[in-house]
Amino acid sequence: MLDISHVSMTFNPGTVNEKKALTDINLHLEKGDFAAIVGSNGAGKSTLFNAIAGAFVPDTGSITLDGEDMTFQPDFRRSKAIGRLFQDPLKGTAPNMTIEENLALAYLRASNHTSPFSRITKADRELFAERLAQLGLGLEDRMKQPVGLLSGGQRQALTLLMATLVTPKLLLLDEHTAALDPATAEKVLELTKKIVAENNITCLMITHNMHAALELGNRTLMMDSGRIVLDISGEERDTMTVDGLLDRFAKNVGRSLDNDRILLSKQESAAD
């Protein structure tokens, strides 16, 4: 399904601001794989997502999705096949447009309605209301309200629906619950798991929560200094603890993980 082969990227090469962001990244995801990615700040997680989504063309390597070479395709062309959620709930929606209008834009962009004269039908609106009702947030009764009036959790749930209204080939979740309060984050995460499972969506999710990285999906990836240093799945993952994951990381890279945000999430999980 997703094949990333020998992808490397250096920003500002030959200057004092040179930054090697990705180094020889190789990754294969089968259809339906759900991989959680953890790593300290600057490890290259979001840069990897940007490479997949088409924010830049990598210096070397290739990116293939469902047999199609995406390496040189611009981001707007990839958006038909790739859904993405960001940490900031304000991204991904137009605040001055209504819920219905936001859903309509997402639906027309991701579907085969490529004509500038395409219109949303009554059946489309009924689909929007049905899918909104499944979120359990009452948004189906507020379709004419501007998205800017929604709470952060409601907006993130709507963005999730927009990204999956037409089932994408790949879903990228960039810490999409990190800016929400714990109760809301849990609800959005449950909605995520439900939608991904029901539609068998291939998914990559960045998280700072080590516990979640081992609980969600079927694979755990760890990144460091622009490289994938661990890829754990199957029985090994089923029996892996957070402490065991940290030990594996230390053995592989020669030092311990020193990111306060990740370590804090580990402690919070242990206290639950």
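Everything quoted here is computed from the prediction, not taken from an experiment.

What to know about the layout of surface pockets
Phase 1 of the analysis: Here the second largest pocket defines a volume of roughly 300 Å³.
Phase 2 of the analysis: Secondary-structure elements contributing two or more residues to the lining of the second largest pocket are helix H2 (75–78), strand E6 (82–85), helix H3 (99–110) and helix H5 (152–164).
Phase 3 of the analysis: Within the lining of the second largest pocket, the residues separate by chemical class into six nonpolar, four polar and four charged.

Focus: helix H6 (residues 182–199)
Phase 1 of the analysis: Counted at 1.5 Å a residue, the expected span for H6 with its 18 residues is 26 Å, and the 26 Å between its end C-alpha atoms agrees.
Phase 2 of the analysis: All of the buried residues along H6 are Ala185, Val188, Leu189, Leu191, Thr192, Ile195 and Val196. Relative to the axis of H6, the buried residues are bounded by an arc of 160 degrees and lie together on one face. In H6, the exposed positions angled more than 90 degrees off the buried face are occupied by Pro182, Ala183, Ala197 and Glu198.
Phase 3 of the analysis: As for H6, its buried residues are in contact with strand E3 (34–38), helix H4 (122–135), H5, strand E7 (170–174) and strand E8 (202–206).

Some points on unusual backbone geometry
Phase 1 of the analysis: Backbone geometry at Glu175 places phi at a positive 50 degrees, although glycine is not the residue there.
Phase 2 of the analysis: By secondary structure assignment, the location of Glu175 is in the loop between E7 and H6.
Phase 3 of the analysis: One non-glycine residue, Ser225, lies in the positive phi region at around 50 degrees.
Phase 4 of the analysis: Residue position: Ser225 is located in the loop between strand E9 (219–224) and strand E10 (227–233).

Some details on the side chain of Arg131
Phase 1 of the analysis: Looking at the secondary structure, you find Arg131 in helix H4.
Phase 2 of the analysis: At 6.7 Å, Glu130 is the nearest oppositely charged side chain to Arg131, a buried residue that forms no salt bridge.
Phase 3 of the analysis: Ignoring sequence-local partners within four residues, the contact set of Arg131 consists of Leu161, Thr164 and Leu165.

A closer look at the sheet that holds E8
Phase 1 of the analysis: Spatially, E6-E7-E8-E3-E9-E10 is the arrangement adopted by the six strands of the open sheet, whose pairing is mixed. Edge positions in the open sheet fall to E6 and E10, since each of these has one partner strand only. When strand polarity is set aside, the average angle formed by the axes of neighbouring strands in this sheet is 20 degrees.
Phase 2 of the analysis: As defined by bridge partners, E3 adjoins E8 across four bridges and the pair is classed as parallel. Within E8, the residue paired with Ile37 across the bridge is Ile206.
Phase 3 of the analysis: Docked against the sheet, H5 engages E6 and E7, running at close to 170 degrees with respect to E6.

Structural notes on the packing of aromatic side chains
Phase 1 of the analysis: Within the structure shown, the criterion is met by two aromatic pairs.
Phase 2 of the analysis: Measuring from ring centre to ring centre gives 5.8 Å for Tyr107 and Phe128, while their planes differ by 75 degrees; the resulting arrangement is edge-to-face. With a gap of 21 residues between them, Tyr107 in helix H3 and Phe128 in helix H4 connect regions that are remote in the sequence.
Phase 3 of the analysis: Judged by relative accessible area, Tyr107 falls into the buried class, the value being 14%.
Phase 4 of the analysis: Taking the relative accessible area as the measure of exposure, Phe128 reaches 0% and is therefore buried.
Phase 5 of the analysis: Residue placement shows Lys91 over the ring face of Phe86; its charged tip is 4.9 Å from the ring centre.

Notes on the sheet that holds strand E2 (residues 19–29)
Phase 1 of the analysis: With antiparallel pairing, the four strands of this open sheet are ordered in space as E2-E1-E4-E5. Since the sheet does not close on itself, it has two edges, and those belong to E2 and strand E5 (68–69), each with one partner.
Phase 2 of the analysis: Note that strand E1 (residues 2–11) and strand E4 (residues 60–65) share five bridges and pair antiparallel. Bridging from a neighbouring strand, Ser8 pairs with Thr60 of E4.
Phase 3 of the analysis: Strand contacts of helix H1 (residues 45–53): E1, E2 and E4, with the helix running at about 65 degrees to E2, the strand carrying the most contacts.

Cut-offs and rules
Residues numbered from 1 in each chain as written. Predicted model: local features only at pLDDT ≥ 70, side-chain atom pairs only at ≥ 80, totals over all residues. Heavy atoms only, no water. 1 Å grid on protein atoms, 1.4 Å probe; cavity = no way out; pocket = protein on both sides within 12 Å on 5 of 7 lines; lining within 4 Å. Points joined across faces, edges and corners; volume = space filled by probe spheres on them. Helix = DSSP H or I, 4+ residues; strand = E, 2+ residues; numbered from the N terminus. Nonpolar A, V, L, I, M, F, W, Y, C, P; charged D, E, K, R; others polar. Expected span 1.5 Å × (residues − 1). Buried < 20%, exposed > 50% of the residue type's maximum accessible area, 1.4 Å probe, protein only. Arc of directions from axis to C-beta. Contact = heavy atoms within 4.5 Å. Lys, Arg positive; Asp, Glu negative; His and termini not counted. Salt bridge = Lys/Arg side-chain N within 4 Å of Asp/Glu carboxyl O. Pairing = 2+ DSSP bridges. Axes fitted to C-alpha atoms, helices over the stretch in contact; angles between N-to-C directions. Phe/Tyr/Trp six-rings, centres within 6.5 Å; stacked < 30°, edge-to-face > 60°. Lys NZ or Arg CZ within 6 Å of the ring centre and 35° of its normal.

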